[in-house]
Amino acid sequence: MGKRIMPRAALCAAIVAAVPALSACGGVKDQQADVVAGKQLFVKKCGACHTLSHAGTKGTTGPNLDEAFQQSLQEGFGETAVRGVVYKQILYPNRLPNAQGIKMPSKLVSGEDAHDVAAYVASVTAKPGKDTGRLATAVQAAGGGTAVEKDGTLSIPADPNGQLAYEDAKATATAGPVTIEMPNKSGIGHDIVIDGLGKGEVVSDGTSSFKATLEAGKTYTYYCSVPGHRQAGMQGTLTVK
Ligand code: HEC
């Protein structure tokens, strides 16, 4: 089956017809957007595939979104233009897959949510520094907890907000047989693996788990084996007492 790439002008016309909020192709009407909600949605729906420094996301499946707009911004494109590009990308991603054959799904967010995400991305892309005020606390950084084994089960949940991290970057257990499980409610595929010990299956909504026997006094590293996730920080240290 041959892919048909729509000529840009036709695409613009189609978008303007389909989306009344777009005043012209390349721009969105200056409407109020909730950038706090936009940040939360971005982390949950987009961050596993995209790096955006203000959002603290480190996905590598899609282009780095700080780098993506750097040149356009330097060339004088304004925030509104960038917002329009992001909005259109959310509704109508490019048809071309990346090097691993992964395509960006369309309409991961829609309606107001899509405007909020586009406004947030446009407001922070390629900017140094960190989010402040309400934006700074919009998404709690994952990984701060310690998981403790109880009755032979060690539960290390994936961050439910979509960050490439477990809720706990540290875990403790007693020596002997254990079931290591990773409940995952994020909607993003993750697993939990300890080299030489075992590997749960990749789940996006459910629990990944495996059984293992832990040696006293040892430390192990657990991580997610989905490409790019460990590198983004999805790992932790298990200490056996
Ligand atoms: C499953 C992974 C995946 C998810 C989730 C995803 N993207 Fe993408 N994204 C990609 C890939 C792959 C590309 C490159 C191909 C393309 O342009 O469609 C891309 C391209 C982009 C681009 C164009 C960047 C450029 O260099 O021009 C933007 C903007 C973008 N994505 C924003 C988003 C936003 C916003 C979300 C969340 C609503 C999102 N993406 C979710 C994989 C993803």
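As shown above, the structure is provided for reference.
Trainee: What should I look at first to understand the site of the ligand in this one?
Mentor: Surveying the vicinity of the ligand reveals 22 residues, the closest of which are Cys46, Cys49, His50, Asn94 and Met104. Contacts to the ligand include histidine 50, whose side-chain N or O atom sits 2.8 Å from a nitrogen atom. Note that an oxygen atom of the ligand is positioned 2.7 Å from one of the side-chain N or O atoms of asparagine 94. Elements supplying a minimum of two residues to the shell around the ligand: α3 (67-74) and α4 (79-91). Of the residues in the shell around the ligand, the class split is 15 nonpolar, six polar and one charged.

Trainee: What is the right way to read the side chain of aspartate 168 from this model?
Mentor: With respect to the element layout, aspartate 168 can be found in strand β5 (residues 168-173). Among buried charged residues, aspartate 168 stands out as having no salt bridge; its nearest opposite-charge side chain is lysine 170, 10 Å away. Polar contacts involving the side chain of aspartate 168 include one to the main-chain amide nitrogen of threonine 146, which spans 3.3 Å. Filtering out sequence-adjacent residues up to four positions away, aspartate 168 remains in contact with Gly143, Gly145, Thr146, Ala147, Ser155, Ile156, Pro157 and Tyr222.

Trainee: Any chance you could explain the nonpolar core here in plain terms?
Mentor: Within soluble globular proteins, side chains that are nonpolar generally end up buried alongside one another. With 25 residues, the main nonpolar core has Phe42, Leu52, Val86, Ile90, Val117, Tyr120 and Val121 as its most contacted residues. Among the secondary structure elements, those contributing two or more residues to this core are α2 (35-45), α4 and α5 (111-124). Among the elements that take part in this core, α5 stands out by supplying seven residues, more than any other. Once residues within four sequence positions are removed from consideration, tyrosine 120 is found in contact with Val35, Gly38, Lys39, Phe42, Leu52, His54, Ala55, Asp131 and Leu135. One finds Ala158, Ala171, Tyr220 and Val240 within the second-largest nonpolar core, a separate group that totals 23 residues.

Trainee: Help me understand the packing of α4 against α5, please; the structure alone is not making it clear to me.
Mentor: Axis angle and axis distance: for two packed helices, these are the angle between their axes and the distance between the axes, and together they describe the pair. Two elements in contact, α4 and α5, have axes separated by 8 Å at closest approach and are oriented at 135 degrees. Taken together, the axes of α4 and α5 are oblique relative to one another. Along this stretch, α4 crosses α5, giving a crossing that reads as right-handed. In contact with Glu79, Val82, Arg83, Val86, Tyr87, Ile90 and Leu91 of α4, α5 contributes Ala114, His115, Val117, Ala118, Ala119, Val121, Ala122 and Ser123. Partitioning the contact of α4 with α5 into residue classes produces 11 nonpolar, two polar and two charged.

Trainee: Would you mind going over the packing of aromatic side chains with me for this structure?
Mentor: Aromatic ring pairs: the centre-centre distance and the angle between the two ring planes describe each pair. The tally for this structure, following the rule as stated, stands at one aromatic pair. In this structure, arginine 230 packs its charged tip against the face of tyrosine 223, placed 4.0 Å from the ring centre.

Trainee: Please explain the coordination of the iron atom of the ligand as it appears in this structure.
Mentor: Where a metal carries four tetrahedral donors, each ideal angle is 109.5 degrees; where it carries six octahedral donors, the ideal angles are 90 or 180 degrees. The iron atom of the ligand binds to the protein through His50 (NE2) and Met104 (SD); the donor distances cover 2.0 to 2.2 Å. Bound by six donor atoms, the iron atom of the ligand shows angles of 87 to 177 degrees at the metal and therefore octahedral coordination geometry. Here the residue histidine 50 occupies a position in the loop between α2 and β1 (51-52), and methionine 104 occupies one in the loop between α4 and α5, the gap between them amounting to 54 residues.

Trainee: Just checking my understanding: could you explain empty space enclosed by the protein for this structure?
Mentor: It is a probe the size of a water molecule, rolled over the atoms, that shows where empty space is left. Considering all chains together, one arrives at one cavity of 30 Å³ or more under this definition. For the largest cavity, the calculated volume is near 30 Å³. Here the lining of the largest cavity is built from residues that sort into six nonpolar, no polar and one charged.

Trainee: What should I look at first to understand the pairing of strand β6 (residues 176-184) in this one?
Mentor: Within a regular beta strand, the side chains point alternately toward one face of the sheet and then the other, so they alternate between its two faces. Pairing geometry for strand β4 (residues 153-155) and β6, over three bridges, is parallel. Of the residues in β6, the one forming a bridge with leucine 154 is isoleucine 180.

Trainee: Looking at this structure, how should I read the environment of lysine 45?
Mentor: In this structure, lysine 45 sits in helix α2. Lysine 45 has contacts with Leu108 and Val109, leaving out every residue within four places of it along the chain.

Trainee: I tried to follow α5 on my own but got confused; where do I start?
Mentor: An α-helix turns once per 3.6 residues; consequently, residues spaced three or four apart project the same way. End to end, α5 covers 21 Å across 14 residues, agreeing with the expected 20 Å (1.5 Å per residue, within 8%). Of all the 14 residues making up α5, 11 are buried; the element is thus mostly covered by neighbouring parts of the structure. Restricting attention to buried positions, one finds in α5 the residues Ala114, His115, Asp116, Val117, Ala118, Ala119, Tyr120, Val121, Ala122, Ser123 and Val124. Taken from the residues just after α5, alanine 126 is the one with a positive phi, measuring 65 degrees.

The rules behind these values
- Residues numbered from 1 in each chain as written.
- Predicted model: local features only at pLDDT ≥ 70, side-chain atom pairs only at ≥ 80, totals over all residues.
- Heavy atoms only, no water.
- Near = heavy atom within 4 Å.
- Polar contact = N/O pair within 3.5 Å; in protein donor to acceptor, adjacent residues only side chain to side chain.
- Helix = DSSP H or I, 4+ residues; strand = E, 2+ residues; numbered from the N terminus.
- Nonpolar A, V, L, I, M, F, W, Y, C, P; charged D, E, K, R; others polar.
- Buried < 20%, exposed > 50% of the residue type's maximum accessible area, 1.4 Å probe, protein only.
- Lys, Arg positive; Asp, Glu negative; His and termini not counted.
- Salt bridge = Lys/Arg side-chain N within 4 Å of Asp/Glu carboxyl O.
- Contact = heavy atoms within 4.5 Å.
- Core = buried A, V, L, I, M, F, W, Y, C linked by side-chain atoms within 4.5 Å.
- Axes fitted to C-alpha atoms, helices over the stretch in contact; angles between N-to-C directions.
- Parallel < 35°, antiparallel > 145°, perpendicular 65-115°, else oblique.
- Left-handed = near helix turned anticlockwise from the far one by under 90°.
- Phe/Tyr/Trp six-rings, centres within 6.5 Å; stacked < 30°, edge-to-face > 60°.
- Lys NZ or Arg CZ within 6 Å of the ring centre and 35° of its normal.
- Donors = N, O, S within 2.8 Å, 3.2 Å for Na, K, Ca; no water.
- Tetrahedral: all angles 85-135°; square planar, octahedral: opposite > 155°, others 65-115°.
- 1 Å grid on protein atoms, 1.4 Å probe; cavity = no way out; pocket = protein on both sides within 12 Å on 5 of 7 lines; lining within 4 Å.
- Points joined across faces, edges and corners; volume = space filled by probe spheres on them.
- Pairing = 2+ DSSP bridges.
- Expected span 1.5 Å × (residues − 1).

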